[in-house]
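Fold and geometry: a report
Spelled out, the chains give:
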Amino acid sequence: MPPAIIQVIAAAALLLALSVDGEEKRMVLSLERASHDGVGMSQLRHRDRVRHARLLQQQPSASGIVDFSVQGTYDPYLVGLYYTRVKLGTPAKEFYVQIDTGSDVLWVSCNPCDGCPTSSGLQIELDFFDPPSSSTASPISCSDQRCALGAQSSDSGCSGHNQCGYTFQYGDGSGTSGYYVYDSMYFDSIVGNSLASNNSAPVVFGCSTSQTGDLTKPDRAVDGIFGFGQQGLSVISQLSSQGITPYSFSHCLRGESGGGGILVLGQIVEPNIVYTPLVPSQPHYNVYLQSIAVNGQTLNIDSSVFATSSNRGTIIDSGTTLAYIAEEAYDPFVTAITETVSGSVRSLLAKGNQCYLTTLSVSEIFPQVTLNFAGGASMILRPQDYLLQQNSIGGAAVWCIGIQKIQGQGITILGDLVLKDKIVVYDIAGQRIGWANYDCSSSVNVSTTTSTGKTEFFNAGQVDSSNAADYMLSKLIPSAVVALLLHIAFFGGPPLL
């Protein structure tokens, strides 16, 4: 979140120290990631803190398959963000918006807008939504029930024109304000192996008339943010309530050089997926982490360290670049790693980060880490899932532990570092999350249950070849300076309210 941003760690800080859709509809989104060199780990840690709260709710089953065309790149050694294109209004205009699983509202820059950037270092053309120019646009009044839904996701208020307004303030000091609009969103429907374009559904989204802080910087600019949270005004909540999509989504982020990935509104089906329950009544995707094992040995950490409370718990968050372990568990974790490889590497400290200098393959010498969750689900981490290669010195590679701790916090956050190369399924309606190791450059199967109770499958890799590029593996894009801000703070204000 700039929530996201969705970023991936860069090498800069350590380089300095050591001298980164009867037929059903579903949405299938491949992901775009742009990169930015020179962002330090401390900056990434700060951005990862900023997450936006949301509440869980039930929605009816979906009745069709919907596809948004999104290309993408992913590079674990550079800062980046995921974004897609949405078409809004009549006539439709296209906007680039960051995909954010941790905020709730879709918003785009509107005309006029104070502080909104007009150019982007992402090599994309920015645009402004103009409600008077859309024949289907209508503002949301203060008495509209949807205005009350908006209050769940932001500071909202009413103007003298009886417009339902909003304000999002982010933990890094940046922010945006504007008003809510009701208009058409256009998308492609997949029927069998055919693609039908220009289907639409009405949605409420934010019209940004003011932006501050990092949102104003051209090198990090997109047209807005696409919130995939769980509040009533999130796009996934709105579309699932209309029967257009299931109340679930999945992603598979490719961790190899060049990256890419798939984002699906619906559940990816894979036989090896294991599920763990969501902690009920939590604003984030909280799960019950029970223990951590290194090289098969369970660490001596009191289970209460991972218990969920107002300022504790374990969150699965694809909008966080790094990963974080509760402070009390951090030292035992690092110590166990270091002791396992002590005879094969040289240990280094760089700006407080534990690093290792080695000429050997980390897959051969570093241990497997296992995160054990309620329901018997385990997440297996390879060395590449908790280490980041930062540099090389005299022919030896420098690898650093990318899992961090947050001083004074008992929060564990599983971000992109550990989620890459895995299918991750957010079954919100079923109140569970699942995952499986997977080659995210491959196609995926998506299923949903029809009105007759029959489960149907759609293979995202077997559509007409002329359309495959629209939602399968990403096209590479040039490296660009980019890093969006992140949403309302996890830790900048009261912790996890």
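**Digging into the sheet that holds strand β24 (residues 369–373)**
Spatial strand order, β19-β18-β24-β25: four strands in an open sheet with antiparallel pairing. Looking along the sheet, the strands with just one partner apiece sit at the ends: β19 (297–298) and β25 (378–381). Where β24 and β25 come together, four bridges link them in antiparallel fashion. Looking at β25, one finds that T370 is bridged to I380. Sheet strands in contact with helix α5 (residues 327–341) are β18 (289–294) and β24, and its direction is about 20° off that of β18.

**Quick notes on the environment of G175**
Among the secondary structure elements, G175 is positioned in strand β10 (residues 175–191). Note: C-alpha distance between G175 and L215 (40 residues apart in sequence) is 7.1 Å.

**Remarks on the sheet that holds strand β22 (residues 346–350)**
A sheet is described by the order of its strands in space; here four strands give the open sequence β22-β23-β27-β26, paired in antiparallel fashion. The open sheet has two edge strands with one neighbour each: β22 and β26 (387–393). Geometrically, the sheet is characterised by an average inter-axis angle of 30° between neighbouring strands, direction not taken into account.

**A look at the pairing of β22**
As paired elements, β22 and strand β23 (residues 353–358) share five bridges and run antiparallel to each other. Along β23, the bridge assignment pairs S347 with Y356. Linking β22 to β23, which pair antiparallel, is a turn of two residues; within it K351 sits at a positive phi near 50°.

**Some thoughts on the side chain of N286**
Mapping N286 onto the fold places it in strand β17 (residues 286–287). The residues touching N286, leaving out its near neighbours within four places in the chain, are P277, L278, V279, T308, R312, G313, T314 and I315.

**Points about the nonpolar core**
Counting residues in each nonpolar core, the largest one holds 81 residues, and the members touching the most others are F333, F366 and I403. The dominant element in this core, judged by the number of residues it contributes, is α5, at seven residues. Counting 12 residues, the second largest nonpolar core, distinct from the first, contains C147, C164, Y180 and L233.

**Description of α5**
Over its 15 residues, α5 runs 22 Å from end to end, which matches the ideal 21 Å to within 8%, given 1.5 Å per residue. By the burial criterion, the buried members of α5 are A329, Y330, F333, V334, A336, I337 and V341. Looking straight down α5, one finds that the buried residues subtend no more than 160° of arc, so they occupy a single side. For α5, the elements touching its buried residues are β18, β23, α6 (362–365), β24, β27 (396–401) and β28 (403–404).

**Thoughts on the pattern of salt bridges**
Counted according to the given criterion, the structure contains 10 salt bridges. Note that R146 and D144 form a salt bridge whose closest N and O atoms lie 2.7 Å from each other. Here R382 makes a salt bridge to D421, at a shortest N to O gap of 2.9 Å. A residue pair is termed long-range when its members are at least 10 positions apart, and R382 in the loop between β25 and β26 and D421 in the loop between α7 (416–419) and β30 (422–427) qualify at 39 residues. You can call D421 buried: its relative accessible area is 15%.

**A short note on the state of the cysteines**
Going through the model one piece at a time under the given rule, you end up with five disulfides. Each sulfur in the disulfide pair C110 and C207 lies 1.8 Å from the other. When the S-S torsion is -125°, as for the bridge of C110 with C207, the disulfide is left-handed. Separated by 97 residues along the polypeptide, C110 in strand β6 (residues 107–114) and C207 in strand β11 (residues 194–212) bring together distant segments of the chain. Of the two residues, C110 and C207, neither departs from the other in class, the shared state being buried. In this model, C147 is linked to C164 through a disulfide, with the two sulfur atoms separated by 2.1 Å.

**Re the side chain of S240**
One can find S240 in helix α4 (residues 235–241). At 3.1 Å, the side chain of S240 and the backbone oxygen of S237 are in polar contact.

**Things to note about the packing of aromatic side chains**
Counting across every chain of the model gives 12 aromatic pairs. Where F95 meets F129, the ring centres are 6.1 Å apart and the plane angle is 65°; that geometry is what we call edge-to-face. One end of the pair, F95, is in strand β5 (residues 93–100); the other, F129, is in the loop between β6 and β7 (138–139), with 34 residues separating them in the sequence. Residue class for F95 comes out buried when judged on its relative accessible area of 0%. Aromatic pair F249 and Y285: ring centres 6.0 Å apart, planes at 70°, arrangement edge-to-face. You can see F249 sitting in strand β13 (residues 249–253) and its partner Y285 sitting in the loop between β16 (274–277) and β17, a full 36 residues away along the chain. As far as the burial class goes, F249 and Y285 line up, both buried. Joined through ring pairs, the aromatic side chains of F226, F228, F249, Y285 and Y426 make up one cluster. One residue, R146, lies across the ring of Y182, its end atom 4.3 Å from the ring centre. Above the face of the Y275 ring, R432 is positioned so that its terminal group lies 3.6 Å from the ring centre.

Basis of the calculations
- Residues numbered from 1 in each chain as written.
- Predicted model: local features only at pLDDT ≥ 70, side-chain atom pairs only at ≥ 80, totals over all residues.
- Heavy atoms only, no water.
- Pairing = 2+ DSSP bridges.
- Helix = DSSP H or I, 4+ residues; strand = E, 2+ residues; numbered from the N terminus.
- Contact = heavy atoms within 4.5 Å.
- Axes fitted to C-alpha atoms, helices over the stretch in contact; angles between N-to-C directions.
- Core = buried A, V, L, I, M, F, W, Y, C linked by side-chain atoms within 4.5 Å.
- Buried < 20%, exposed > 50% of the residue type's maximum accessible area, 1.4 Å probe, protein only.
- Expected span 1.5 Å × (residues − 1).
- Arc of directions from axis to C-beta.
- Salt bridge = Lys/Arg side-chain N within 4 Å of Asp/Glu carboxyl O.
- Disulfide = S-S within 2.5 Å.
- Polar contact = N/O pair within 3.5 Å; in protein donor to acceptor, adjacent residues only side chain to side chain.
- Phe/Tyr/Trp six-rings, centres within 6.5 Å; stacked < 30°, edge-to-face > 60°.
- Lys NZ or Arg CZ within 6 Å of the ring centre and 35° of its normal.

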